[in-house]
Protein chains: 2
Amino acid sequence: MLPPALQEAIDALGLLPGVGPRTAERYAYYLFRSDKKLATTISESLENLHERVKSCPKTFALIDASEEISPLYSDPTRDKSTILVVEEPLDIYAIEQTKSFSGVYHVLGGAVSPIDGISPDDLHIKELVERVKDDNVKEVIIATNPSVEGESTALLLQKLLGEKYPELKITRLARGLPLGVDLSYADQITLSAALAGRTEL
Amino acid sequence: MLPPALQEAIDALGLLPGVGPRTAERYAYYLFRSDKKLATTISESLENLHERVKSCPKTFALIDASEEISPLYSDPTRDKSTILVVEEPLDIYAIEQTKSFSGVYHVLGGAVSPIDGISPDDLHIKELVERVKDDNVKEVIIATNPSVEGESTALLLQKLLGEKYPELKITRLARGLPLGVDLSYADQITLSAALAGRTEL
């Protein structure tokens, strides 16, 4: 019933994660009503996304296709003996924005999740184990998500790395109260963790 | 810090209505991780959106660029003496899905809203007034949204059309309880309207 081109745009936008038919309609109609330039901008930016972005072969961060290796790794001022391990590439940018970390990163590419069919072999764990040896790493900071999958991945890494490198320091991000959240709204597990990990004033 | 192509995609997707930076990140990263075909599908569908879709010069519904006039208007089985007036083109498809209307449509292109700088002159009201005469219209059904702007647009149309065509029947969609909503959750105005418009069983 809709003009075919509009229907195609609605169907295509509906393939984005979490976008239902109504939202897709709203996006498509907005693009149609707005200046043609907007649709062109989005269209062009998506056209070359795959050609112009790739994974760093060492850290698995996302890098420009023209680069050999992640600039966060090749930067000589960064301490290669400390690796912070994250699930997804965008997690790196959350950490970088804190400006509190000067080591290097390693992206696992997800977390172990039997339900989603993600086994340890699907993650870049083997590469991490090799990096620890190759780069003479002193500390691995595990920064997986505080979810069931993230926690079990953290335990797995701890076991694997701990057995192979008994000298290696393995740490993980602190659990505790996030800023601005009322104590009474914090869940039990977070509160227990905050209590167990209390720091001296 | 992100690869430029990814950052461009995030920025571009962030221009969609209601899409903040985090959602745009999620969309862009999903497109990067998914098969290249998905990004291409969306890109191509947006590329020709403006060329392949246009407004019907009579009803202002959205039509394929190859068509002269909306097929819902040119269809000889539809009753041209009954016009249903909506704010936006997509409203037509909501009504069509009910399969309860066999007249023709007229899209205003919005509702009068002094706050957003939309005056009656910005809407296709003049064209509606002419259609009533040209097509010898018997009834105009006003189906603007039940919002402040929609209601005032409805009053304006009623005044304009009523003065010019005293014989014309002007109606609007019934107000009342929507299906599946508990009586106790209905707001006062809806409930008053439902009571005032009660029908005999």
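Everything numeric in this text was worked out from a predicted model, so none of it was measured. (Residues numbered from 1 in each chain as written. Chains lettered and ligands numbered in written order. Predicted model: local features only at pLDDT ≥ 70, side-chain atom pairs only at ≥ 80, totals over all residues. Heavy atoms only, no water.)

This part takes up the sheet that holds strand S4 (residues 103-107) of chain A. As a general point, the strands of a sheet are linked pairwise by backbone hydrogen bonds and lie either parallel or antiparallel. Residue and element names in this part refer to chain A. Read from one edge to the other, the open sheet built from four strands follows the order S4-S3-S5-S6, with strand pairing classed as parallel. Each of the sheet's edge strands pairs with one partner strand only, and the pair in question is S4 and strand S6 (169-172). Along the sheet, successive strands turn relative to each other by an average axial angle of 25 degrees, direction set aside. Sheet analysis places strand S5 (residues 139-142) next to S6, joined by four bridges and oriented parallel. Counterpart to Glu139 in the pairing with S6 is Lys169. (Pairing = 2+ DSSP bridges. Helix = DSSP H or I, 4+ residues; strand = E, 2+ residues; numbered from the N terminus. Axes fitted to C-alpha atoms, helices over the stretch in contact; angles between N-to-C directions.)

Once that is clear, we can look at the domain arrangement of chain A. Domain boundaries assigned for chain A yield domain 1 (4-54) and domain 2 (70-172). For domain 1 of chain A versus domain 2 of chain A, the distance between C-alpha centres works out to 35 Å. (Domains from an automatic or database assignment.)

All names here are of chain B. Running from N to C, helix H1 (residues 4-13) and helix H2 (residues 21-33) point in directions that differ by 130 degrees, and their axes come no closer than 8 Å. With respect to their mutual orientation, H1 and H2 come out oblique. Seen from above, H1 lies across H2 with right-handed handedness. On H2, the residues that touch Leu6, Ala9, Ile10 and Leu13 of H1 are Pro21, Ala24, Glu25, Tyr27, Ala28 and Leu31. Split by residue class, the contact of H1 with H2 holds nine nonpolar, no polar and one charged. (Parallel < 35°, antiparallel > 145°, perpendicular 65-115°, else oblique. Left-handed = near helix turned anticlockwise from the far one by under 90°. Contact = heavy atoms within 4.5 Å. Nonpolar A, V, L, I, M, F, W, Y, C, P; charged D, E, K, R; others polar.)

Under the criterion given, the structure shown has three aromatic pairs over all chains. Between Lys80 of chain A and the ring centre of Tyr73 of chain A, over which it is positioned, the NZ or CZ distance is 5.1 Å. (Phe/Tyr/Trp six-rings, centres within 6.5 Å; stacked < 30°, edge-to-face > 60°. Lys NZ or Arg CZ within 6 Å of the ring centre and 35° of its normal.)

Before going further, it helps to examine the environment of Arg26 of chain B. Mapping Arg26 of chain B onto the fold places it in helix H2. Spatially, the C-alpha atom of Arg26 of chain B lies 8.4 Å from that of Ile10 of chain B, the residues being 16 residues apart in sequence.

Residues and elements named next belong to chain B. A sheet is described by the order of its strands in space; here four strands give the open sequence S4-S3-S5-S6, paired in parallel fashion. Looking at which strands have only one partner, the edges of the open sheet turn out to be strand S4 (103-107) and strand S6 (169-172). Adjacent strand axes in the sheet meet at a mean angle of 25 degrees when their direction is disregarded. Sitting on the sheet, helix H6 (residues 89-98) is in contact with strand S3 (79-86) and S4, with an inclination near 155 degrees to S4.

Before going further, it helps to examine the interface of chain B and chain A. Taken together, the 49 residues of chain B in the interface contact 49 residues of chain A. For the chain B and chain A pair, buried surface summed over both sides reaches about 5,100 Å², with 74% attributable to carbon and sulfur atoms. Lys36 of chain B is the salt-bridge partner of Glu51 of chain A, the closest N and O atoms lying 3.5 Å from each other. Viewed at the interface, chain A and chain B are joined by 15 residue pairs in polar contact (both at pLDDT 80 or more). (Buried area = accessible area lost by both parts, 1.4 Å probe. Salt bridge = Lys/Arg side-chain N within 4 Å of Asp/Glu carboxyl O. Polar contact = N/O pair within 3.5 Å; in protein donor to acceptor, adjacent residues only side chain to side chain.)

Counting residues in each nonpolar core, the largest one holds 72 residues, and the members touching the most others are Leu6, Leu13 and Ile42 of chain A together with Leu6, Leu13 and Ile42 of chain B. In this view, Leu13 of chain B contacts Ile42 and Leu46 of chain A together with Val19, Ala24, Tyr27, Ala28 and Leu31 of chain B; residues no more than four positions away in its chain are not counted. (Core = buried A, V, L, I, M, F, W, Y, C linked by side-chain atoms within 4.5 Å. Buried < 20%, exposed > 50% of the residue type's maximum accessible area, 1.4 Å probe, protein only.)

This brings us to the relation of the copies chain B and chain A. You can overlay chain B on chain A at an RMSD of 0.1 Å; the transform is a turn of 180 degrees with a shift of 0.0 Å along its axis. These values place the two chain copies in the arrangement generated by a two-fold rotation axis. Within chain B, the C-alpha atom positioned nearest to the axis of rotation is that of Ser43 of chain B, 2.0 Å from it. Most of the interface of chain B is mirrored in chain A, where 100% of its interface residues again form contacts. (Least-squares fit on C-alpha atoms with pLDDT ≥ 70 in both.)

Residue and element names in this part refer to chain B. As for its placement among the helices and strands, Asp135 is situated in the loop between helix H7 (125-134) and strand S5 (139-142). Put simply, Asp135 is tucked away with no salt bridge, and the nearest opposite charge, on Arg131, sits 4.1 Å away. Not counting chain neighbours up to four residues away, the residues in contact with Asp135 comprise Lys58, Tyr73 and Lys80. (Lys, Arg positive; Asp, Glu negative; His and termini not counted.)

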